[in-house]
Amino acid sequence: MVKYVYDFSEGDKEMKDLLGGKGANLAEMTKLGLPVPPGFTITTDACREYLKRGEVPEELATEVTKHLREVEDTIGRKLGNAENPLLVSVRSGAKFSMPGMMETVLNIGLNDESVSGLAKIAEDERFAWDSYRRLIQMFGKTVLDIEGDGFSDALDNLKEEKGVHYDYELTAEDLKGLVETFKQIVKEETGRDFPQDPREQLDLGIEAVFRSWNTERAKIYRRRERIAESLGTAVNVQTMVFGNMGDTSGTGVCFTRDPSTGHSGVYGDYLMNAQGEDVVAGIRNTEALATLGEHDEKSYEELLGIMRKLETHYQDLCDIEFTIERGKLWMLQTRIGKRTAAAAFRVATQLVDEKLITKDEALERVTGAQLTQLMFPQFDDSAEKQLFTRAMAASPGAAVGEVVFNNEDAEAAAAAGRKCILVRRETNPEDLPGMVAAEGVLTARGGKTSHAAVVARGMGKTCVVGAEQIRVDAEAKTVSCGDVTLKAGDIIAIDGTTGEVFIGDVPVVDSVVTTYLSHGLEAGLKAAGDDDQMRELVESVDRILKHADSKRRLKVRANADTPEDSERALEFGAQGIGLCRTEHMFLGSRRALIERVILSEPGSDERQSAFDALEELQKGDFAQMLKVLDGKPMTVRLIDPPLHEFLPDLTELEVKVAVAKATDGKADEADEAMLEAVRRMHEANPMLGLRGVRLGIYLPGLFDLQIRALVQAACELKKEGLDPQPEIMVPLVGSVRELALIRATAEKIVAEELEAAGVEIDIHIGAMIELPRAAMTAEDLARESDFFSFGTNDLTQTVWGFSRDDVEGVFFPKYIEESVFGVSPFETIDQHGVGRVVEEGVQRSRSTKPDIKLGVCGEHGGDPDSIHFFHKTGLDYVSCSPFRVPVARLEAGRVAVMEDAE
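Fair warning: this is a prediction, and the values are worked out from it, not measured in the lab.

1. Things to note about the packing of aromatic side chains
How two aromatic rings sit relative to each other is set out by the distance from centre to centre and by the angle between their planes. Following the criterion strictly, the structure yields 19 aromatic pairs and no others. Taken together, a centroid distance of 6.0 Å and an interplanar angle of 50° make the contact between Trp129 and Tyr132 tilted. Of this pair, Trp129 and Tyr132 both sit in helix 5 (residues 125-142), three residues apart, which is roughly one turn of the helix. In terms of burial, Trp129 and Tyr132 fall into one category: buried. An aromatic cluster is present here, built from Trp800, Phe802, Phe811, Phe812, Tyr815, Phe821 and Phe826 joined pairwise through their rings. The cationic tip of Lys385 hangs over the ring face of Phe502; the distance from NZ or CZ to the ring centre is 5.7 Å.

Now the structure itself:
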């Protein structure tokens, strides 16, 4: 029989798959002897069964009863008892943290009778009725699917009527009336009374949490964070402890280190006489945790001790939720804290220096995505700026865009290609689509632990919160500060590092980390100047990246077509060029030479003249790049695209000729000849037509001139005392005979040019694997190849049958929404399909040549998940854009240490 429910005393932190992150960590804290309110966890298995059946498993109810009675016996109270009621919370808790994306219900167990019992026990009537109105409000919104505005409007109207500003200023009598108002809203919206049976409340709450796994915001978050749809969520049922029992009670969220900078210290927010949702939602501006000792020194000191204990135990920055009930501290949750990219690197090296973790573990703690964030530009300090307001820096970065006030406008702006900043009084989980679409987020309320701050940090979005000076009018679509009012569409710039908000555009410059990565440690420290935090960040990135380089097996090359790109790649740490696309060298003024090749007869002096001119130009191109790459390999892909891409557009040319005939009676002879050639070369599906190796065989002399130019350039540099290392790569090979034909010609040209120059250069000849047939026959191709490079862009197209240019903007968004795939297969390699083709190619090629060099040169070469796959598949190198080289270096090191740790 499947076990669906576990007491907190039965699990530990390693059981996240079954108990979810929250449940596993509650169990771990219980195991450590920390003050955790008793409770139990309903497993992810139960959720998956619910999602499969469409109803809660019948056997779950009996298990819940058993564990609920054990909690009742421990506490000495019973759920629903009118005199001595037990109240519980029902919270979601997936394996991976999804802050605010699923449901929570507090104060379950209160009804018209037990509210009086709670008032008697607490000796505080106001507290009891405040708890009851919170239950109805939260239950109505999350369980009964009632729009939350009705409840919040009723609360705001009551405060206005009573002339008060804060919820806690309402009296018990005020709250009794509000409870009746809330109950009436429930009756009007659902056609039924608010449920008075506490067990019904509990069962409905559990089902609501299961159901919330498939809310739109949860799906959006999972797609963005690449969390599997199949995991499901656990449900945690926990005894309520109350932070809203007067001035000796409170609730808060804290971090063992600053999640924005990584510095050790006392970081967090709290509110006295409040419940946890008040802190997270940002409805009231919080107080800094460091001042808690002024209210309750005993609880504060105990909390500091627990924070230290948890960080030591988890060996990482911990995010902790706590409640103080009349001077008694309770721990409600802990988890590995989400942090900014800068904090991730700082914390990792700090923990190494404190001897809590090893250098390998530090490398595992950071990601390529975080390094990418650190490479984003930042505002230019020297630029003129008009300050609008200054608030709390919650998630770093420099974001500029037009002001928007809701999800719809944010998504519309993003769809139109316009950058925007989402401005809200405070955010809630319903604002996730707008946060995803926006470049950054600005809120008037909340602290570093508010919903906006936590979610923005997790997504790497720039965020500024708690701007108390601004007034946000979402209906009028205006935001004001002092006598300045901005409206929707106005441009603002927000600095998530300083908390500053500027009116208008602000220019950006390279980040300090980018300066370090491209020019070295000394340059990075110089760019950081006297900013100790920035200097520490640069040193942390340097230490971790150097360790990654010492650990990685994969070499990292770059895709580059110009000397400038090649220099940039080497500055970022590339070990060579894995893909030089020669077709880019035929554009611009050289297009006319390609036209001459196409229009002239095979073997004619005209064609040869065009070939000779192109050869000389290509020789110069290659010489410049090989000179930059002195001593490092440069893989040159022979021309790949179909030739018609270098010719005039067919439709435009037809119109030009037709108009000329209609107006002048005849068209230009050159235009008519070109039209005839373009029609002859036109293809219905050119990406599967005359291109790559097919073009080299069909048009003799085209590949020859490229090979000769490359070898001659290498020979000249060799004579100058340099060490050129060119490699020739044949594209779109599908047959061993195709490759043999080109290789024979290439070997002949190489031998002739080396002999003529009197030098020796080892020039490898290989093929690009872009077709499934090439991978499936790689054991044959390997006999004619010194290396293979998997062109995973085209390989993805040919395995899936996708035309990338046609599908990405049409049905891919729907495919991702419907979970056909979690992320575009052009962004991260489809391991189950395309990946298997790569694996097959690796195995087959090495069955013929065990030492054959294998790499990848598609865009996947710079994607972290794909790099991990390529390492495990046994490739020798990845090649990516120059900007992605540091990311590839880091991820190649990470996967190596992860493999060693297994």
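2. Some thoughts on the nonpolar core
A general trend in soluble globular proteins is that nonpolar side chains are found buried together. If you look at the biggest cluster of nonpolar residues, it comprises 129 residues, and the most contacted ones within it are Phe345, Leu371, Met634, Phe788 and Leu890. With eleven residues, helix 28 (residues 702-719) is the largest single contributor of residues to this core. Sequence-distant contacts of Phe345, that is, excluding residues within four places in its chain, are made with Val366, Thr367, Gln370, Leu371, Leu374, Leu537, Ser540, Val541, Ile544 and Leu890. Leu158, Phe194, Ile206 and Val209 belong to the second-largest nonpolar core, a separate cluster that totals 57 residues.

3. What to know about the state of the cysteines
Applying the stated criterion to the full structure yields zero disulfides. The thiol sulfur of Cys420 is not disulfide-bonded, and the nearest other cysteine sulfur, from Cys463, lies at 14 Å. Assessed through its relative accessible area of 0%, Cys463 is described here as buried.

4. Section: the pattern of salt bridges
A side chain with one charge may pair with a side chain of the opposite charge, provided their charged atoms come close. The full count for this structure, using the stated rule, is 67 salt bridges. As a salt-bridge pair, Lys748 and Glu752 come within 2.7 Å of each other at their nearest N and O atoms. One end of the pair, Lys748, and the other, Glu752, are both in helix 29 (residues 736-757), four residues apart, so they sit about a helical turn from each other. By relative accessible area, which is 36% here, Glu752 ends up partly exposed. Linking Arg894 and Glu891 is a salt bridge whose minimum nitrogen-to-oxygen distance equals 2.9 Å. One end of the pair is Arg894 and the other is Glu891, both in helix 37 (residues 885-901) and three residues apart, which spans about a single turn. Taken together, the shared-partner salt bridges in this structure form one network comprising Arg126, Asp130, Arg133, Arg134, Asp156, Lys159 and Asp167.

5. Concerning helix 21 (residues 532-551)
With 20 residues, helix 21 should reach 28 Å at 1.5 Å per residue; the first-to-last C-alpha distance of 29 Å fits that figure. Those residues of helix 21 that fall on the buried side of the exposure criterion are Met534, Leu537, Val538, Ser540, Val541, Asp542, Ile544, Leu545, His547 and Ala548. You can read the cap of helix 21 off the contacts: a side-chain oxygen lies 3.1 Å from the backbone nitrogen of Gln533, and it is on Asp531.

6. Overview of unusual backbone geometry
A negative phi holds for most residues other than glycine; trans holds for most peptide bonds. Residue Arg226 is not a glycine yet carries a positive backbone phi of 60°. A relative accessible area of 35% means that Arg226 is categorised as partly exposed. Its identity as a non-glycine residue notwithstanding, Gln315 has a phi of 55°, on the positive side. With respect to the element layout, Gln315 can be found in the loop between helix 12 (297-314) and strand 11 (318-325). Residue Gln315 is classed as partly exposed on the basis of its relative accessible area of 28%.

7. Topic: the sheet that holds strand 32 (residues 853-856)
The eight strands are arranged 26-27-28-29-30-31-32-33 in a closed barrel whose pairing can be described as parallel. Across this sheet, the average inter-strand angle for adjacent strands is 30°, counted without regard to direction. Bridge analysis of strand 30 (residues 764-769) against strand 31 (residues 787-790) gives three bridges, and the strand direction is parallel. In the sheet register, Ala767 faces strand 31, and the bridge partner there is Phe788.

8. Topic: the sheet that holds strand 14 (residues 386-390)
Read across the open sheet, the eight strands follow the order 14-24-23-16-17-18-19-15; overall the sheet is mixed. The open sheet terminates on both sides in strands that have one partner only, identified here as strand 14 and strand 15 (392-395). Across the sheet, the axes of successive neighbouring strands diverge by a mean angle of 30°, strand direction being ignored. Of the strand pairs in this sheet, strand 14 and strand 24 (residues 500-503) are connected by four bridges, and their pairing is antiparallel.

9. Considering the pairing of strand 5 (residues 88-94)
With seven of its seven residues buried, strand 5 lies for the most part within the structure. Taking every second residue as pointing to the same face, both faces of strand 5 are buried, with Val88, Val90, Ser92 and Ala94 on one and Ser89, Arg91 and Gly93 on the other. When strand 5 meets strand 6 (residues 104-108), the two strands line up antiparallel, connected through three bridges. Bridge pairing in strand 6 places Val90 opposite Val105. The pairing of strand 5 with strand 7 (residues 233-239) spans seven bridges and is antiparallel. Within the sheet, the bridge partner assigned to Ser92 lies in strand 7 and is Val235.

10. Comments concerning the environment of Glu426
Mapped onto the secondary structure, Glu426 falls in the loop between strand 17 (420-424) and helix 17 (432-437). Take Glu426: its relative accessible area is 22%, and that puts it in the partly exposed class. Spatially, the C-alpha atoms of Glu426 and Arg192 are 32 Å apart, while their sequence positions differ by 234 residues. Engagement of the side chain of Glu426 in a polar contact is seen with the side chain of Arg445, the distance being 3.1 Å.

Cut-off values and rules
Residues numbered from 1 in each chain as written. Predicted model: local features only at pLDDT ≥ 70, side-chain atom pairs only at ≥ 80, totals over all residues. Heavy atoms only, no water. Phe/Tyr/Trp six-rings, centres within 6.5 Å; stacked < 30°, edge-to-face > 60°. Helix = DSSP H or I, 4+ residues; strand = E, 2+ residues; numbered from the N terminus. Buried < 20%, exposed > 50% of the residue type's maximum accessible area, 1.4 Å probe, protein only. Lys NZ or Arg CZ within 6 Å of the ring centre and 35° of its normal. Core = buried A, V, L, I, M, F, W, Y, C linked by side-chain atoms within 4.5 Å. Contact = heavy atoms within 4.5 Å. Disulfide = S-S within 2.5 Å. Salt bridge = Lys/Arg side-chain N within 4 Å of Asp/Glu carboxyl O. Expected span 1.5 Å × (residues − 1). Polar contact = N/O pair within 3.5 Å; in protein donor to acceptor, adjacent residues only side chain to side chain. Pairing = 2+ DSSP bridges. Axes fitted to C-alpha atoms, helices over the stretch in contact; angles between N-to-C directions.

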